[in-house]
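# Chains, contacts and geometry: an overview
This is what each chain is made of:
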Amino acid sequence: MDMPVIELTGVTKSFGPVDVLKGVGLSAYAGKVTALVGDNGAGKSTLIKGLAGVQPYDSGEIKFAGNVVNLHTPRDASLLGIEVVYQDLALCENLDIVQNMFLGREDMKHGTLYEGVMEREAAKTLQGLSVRTVKSVRQKVSSLSGGQRQTVAIARSVLRNAKLVILDEPTAALGVAQTEQVLHLVRRLADAGVAVIIISHNLVDIFKVADYISVLYLGQMVASLETTKTNNADVVGYITGSKTYIGDNS
Amino acid sequence: MTTPTTIGTGHEGSIREQVTDYFHRLRSGDMGALPALGGFIVLSTLFSFLNPYFLTKLNFANLFTQAATLMMLAMALVFVILIGEIDLSAGVTSGVAMAVFVLLVNKMGVNWIIGVLVALLVGIAIGGFIGYFVAKVRVPSFVVTLGLFLGLQGLELVLLGDGGLFRIETPQILSIMNDNMPPWAGWVMLVIALAVSYGMGLWDRNRRKAAGVANRPAALLYAKLGAIAVGGGVVVAILNQNRAVSIVAIQGVPIVVPIALAILWIGTFVLDRTRFGRNLYAVGGNPEAARRAGIKITMVRLFAFVTCSTLAVVSGIFDASRIGSVDASAGKSIVLSGVAAAVVGGVSLFGGRGRLSHAAIGAFVIAIIDNGLGLLGLPSGVNFLVTGGVLILAATVDAVSRKRTGGSLR
């Protein structure tokens, strides 16, 4: 198998007396979708926040494309090409699509914002992802539906040439049709060569889109499975702790 | 990959489509300063019917100087209101800065230019102080600036003494509000404004063309220039006529007008076209999103307060120029009117929405109420009641228009 884009080994994180991550390992590969599942409180969000540089791990090794790296700030992460699409989306509703997609890294020319190029690139990226539901890239985000917002958030990570995109519950608040659209988008993202980590509670979605499934249980990675070699019942078993890990298939 | 469909930029289409688009945006609750403009027109029509003096040339010029101080303060406040904060101390900040100015210039004989620079530095320092506590320590801005509102009043008293009053003796400062430009300079000002607008318009169009994205029909740019030419032309023409009631001629555009216009233009440029401006809107819209996007929100907040306090000092200079003196209560009562002006103009107190021009228009609405009711000879209580009513009305129009369309309240 190829070298993973990201490889975590023995990652720990505690909040006071509570050990949230107790030596977790996780790998994600270019062009593949890795699903991260686990019950509430299993440590999924903490694991992701560490990767995003928002909340650094206490200890453990992070390898990015084979090199050991530090992730202490969101900037460290984005410089490496790690982008997180958060559950609460992290978009500014008062800004339009272009402004949101380029937030924090606007194209400048002569010291002023180069709106034309940003518009062009935003439109190109959305078209590249076959997004059809957006009429104008100058629409305010407040006027977009949940699915459209999710699309904008994902497109933003594409625009930034992300090598690893982490999606936190991308379909949680969406209707059936919109969920379908977003899952398509996730698949296209991976097909474009990006390593994708997707967090979801919805196993149906995960079996539809993921190549690998990693299960967190109370701060430990209890299983790393290939989607084709497992089934719904097994995964549920791992998530709830009624089934224990029996070997590594990676 | 499937066939890509075209995603527009809002700049495509004929004039008719652009106009339709504009009305569509209006209906979706994005009304900007339109309610305030409407209020302005209604109020001026009303007052001109009620009082024959209202529409005279002299009063027309008075309106500009009456609105200037409030407009400057409201524009200053926009910078902090945009990030969802408030500066209750902006007025007394200007008062303290002007107290320092008169002490330096009147008592110590310092050159007035240095005096102005030191006054602006006082503004920067106070803004930095507020910014530090709000952005770094995360004390709510309402509390920090309320504390300063009280504390700086004390500082004014300490600096100027109880009941202390200093006359402004610098003719250059006095002339800002009290003197006028020669008539030709008014026309030059208008030509410069047109040239700058045209230049910026062309620059934008060329850059968009270079980037390969659609431009709006050029006719829209010419229509805008035409509107500035006609509107500005009428204003300059009226101001250039002799408006004196005695034999000494008073004519020309008040000197404060080009100063205020320049600051309005520069501020708008910063908000619309620089990264700092974009970051202000982002922090106001969703600070967490801004932080995750890598924006240093602490610095953005800090600079917002520094900008606000510094521009507030400019409003203090205007005020001192108009009154001709600085006393220990300077700037105490104006700050809430400044907030009101911004809100009436369509700047959202929730942050993230509003423009400097909105605050300027709002200031004119408040000033015209003041002016018009003053001319009617009504007691000042009525003035306050009407201003308060207009403020609530403006906020209601804004809230209802957003609620109706299901848009967010921001």
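Below is a short write-up of the structure. Quantities reported herein were computed from a predicted structural model and do not represent experimental measurements.

### Some words on the overall build of chain A
The helix and strand tally for chain A stands at eight helices and 12 strands. A compact globule built from 250 residues should have a C-alpha radius of gyration of about 18 Å, and chain A, at 18 Å, falls within 12% of that. Dimensions of chain A along its principal axes, counting C-alpha atoms only, are 55 × 35 × 35 Å. Summed over its atoms, the accessible surface of chain A is roughly 10,200 Å², and 51% of this surface lies on carbon and sulfur atoms.

### Looking at the pattern of salt bridges
All names here are of chain A. Taken as a whole and assessed by the stated rule, the structure comprises 21 salt bridges over all chains. Residue Lys 13 is joined to Asp 58 by a salt bridge in which the shortest nitrogen-to-oxygen separation is 3.8 Å. Of the two residues, Lys 13 is situated in strand β1 (residues 6-15) and Asp 58 in the loop between α1 (44-52) and β4 (59-64); the sequence distance between them amounts to 45 residues. On the basis of relative accessible area, Lys 13 is assigned to the buried category, the value being 10%. Two residues, Glu 121 and Lys 124, come together in a salt bridge whose shortest N-O distance is 3.6 Å. One end of the pair, Glu 121, and the other, Lys 124, are both in helix α4 (residues 115-128), three residues apart, so they sit about a helical turn from each other. The class for Lys 124 is exposed, based on a relative accessible area of 52%.

### Describing the packing of helix α3 (residues 57-81) of chain B against helix α13 (residues 297-323) of chain B
Residues and elements named next belong to chain B. Two numbers describe how α3 lies on α13: the axes approach to 7 Å, and their chain directions differ by 170°. Taken together, the axis directions place α3 and α13 in an arrangement best described as roughly antiparallel. In this structure, α3 uses Thr 65, Gln 66, Ala 68, Thr 69, Met 72, Leu 73, Ala 76, Leu 77, Phe 79 and Val 80 to contact α13, whose residues at the interface are Ala 304, Phe 305, Thr 307, Cys 308, Leu 311, Ala 312, Val 314, Ser 315, Phe 318, Asp 319 and Arg 322. Tallied by class, residues from the contact of α3 with α13 come to 14 nonpolar, five polar and two charged.

### Let's talk about unusual backbone geometry
All names here are of chain A. Although it is not a glycine, His 110 adopts a positive phi angle of roughly 50°. Mapped onto the secondary structure, His 110 falls in the loop between β7 (108-109) and β8 (112-113). Notably, Leu 218 is not glycine yet its phi reads approximately 45°, a positive angle. The topology assignment puts Leu 218 in the loop between β11 (212-217) and β12 (220-226).

### Section: the sheet that holds β11 of chain A
Residue and element names in this part refer to chain A. Taken in spatial order, the six strands line up as β6-β9-β10-β3-β11-β12 in an open sheet, and their pairing is mixed. Two strands lie at the open edges of the sheet, namely β6 (82-85) and β12, each paired on one side alone. Averaged over all pairs of adjacent strands, the angle between their axes in this sheet comes to 20°, without regard to strand direction. Along the sheet face, α1 touches β3 (33-37), β6, β9 (164-168), β10 (195-199), β11 and β12 and points at about 135° away from the line of β3. Of the strands in this sheet, β3, β11 and β12 are in contact with helix α8 (residues 232-240), which crosses β11 at around 25°.

### Things to note about the pairing of β11 of chain A
Residues and elements named next belong to chain A. With five of its six residues buried, β11 lies for the most part within the structure. Of the pairings in the sheet, the one linking β3 to β11 comprises four bridges and is parallel in character. Note on β11: the bridge partner recorded for Ala 35 is Ile 213. Between β11 and β12, which follow one another and run antiparallel, lie two residues, and Leu 218 among them has a positive phi close to 45°.

### As for the sheet that holds strand β5 (residues 67-68) of chain A
Residue and element names in this part refer to chain A. The strand order across the open sheet built from four strands is β2-β1-β4-β5, with neighbouring strands paired in antiparallel fashion. Each edge of the open sheet carries a strand with a single partner, namely β2 (18-28) and β5. Two strands pair when backbone bridges link them, and β1 and β2 are joined in this way by eight bridges, in the antiparallel orientation. Directly across from Phe 15, in β2, lies its bridge partner Val 18. Each of β1 and β2 is contacted by α1, which is oriented at about 115° to β1, the strand it contacts most.

### Details of the interface of chain A and chain B
Contacts between the two partners involve 41 residues from chain A and, on the opposite side, 38 residues from chain B. Around 3,400 Å² of area is buried between chain A and chain B when both sides are counted, 53% of it from carbon and sulfur atoms. Among the residues of chain A in contact with chain B, Asn 94, Leu 113 and Gln 127 of chain A are the three that bury the most area, contributing 16% of the side total. For the salt bridge of Glu 106 of chain A with Arg 275 of chain B, the shortest nitrogen-to-oxygen distance reads 3.0 Å. Linking chain A with chain B are 12 residue pairs in polar contact (both at pLDDT 80 or more). Counting residues per element, the side of chain A that touches chain B draws most heavily on α4 of chain A, which supplies nine residues. Residue composition of the side of chain A that touches chain B, by class: 16 nonpolar, 11 polar and 14 charged.

What counts, and at which threshold
Residues numbered from 1 in each chain as written. Chains lettered and ligands numbered in written order. Predicted model: local features only at pLDDT ≥ 70, side-chain atom pairs only at ≥ 80, totals over all residues. Heavy atoms only, no water. Helix = DSSP H or I, 4+ residues; strand = E, 2+ residues; numbered from the N terminus. Rg over C-alpha atoms; globule rule 2.2 N^0.38 Å. Areas by Shrake-Rupley, 256 points an atom, 1.4 Å probe, with all protein chains shown as cover. Salt bridge = Lys/Arg side-chain N within 4 Å of Asp/Glu carboxyl O. Buried < 20%, exposed > 50% of the residue type's maximum accessible area, 1.4 Å probe, protein only. Axes fitted to C-alpha atoms, helices over the stretch in contact; angles between N-to-C directions. Parallel < 35°, antiparallel > 145°, perpendicular 65-115°, else oblique. Contact = heavy atoms within 4.5 Å. Nonpolar A, V, L, I, M, F, W, Y, C, P; charged D, E, K, R; others polar. Pairing = 2+ DSSP bridges. Buried area = accessible area lost by both parts, 1.4 Å probe. Polar contact = N/O pair within 3.5 Å; in protein donor to acceptor, adjacent residues only side chain to side chain.

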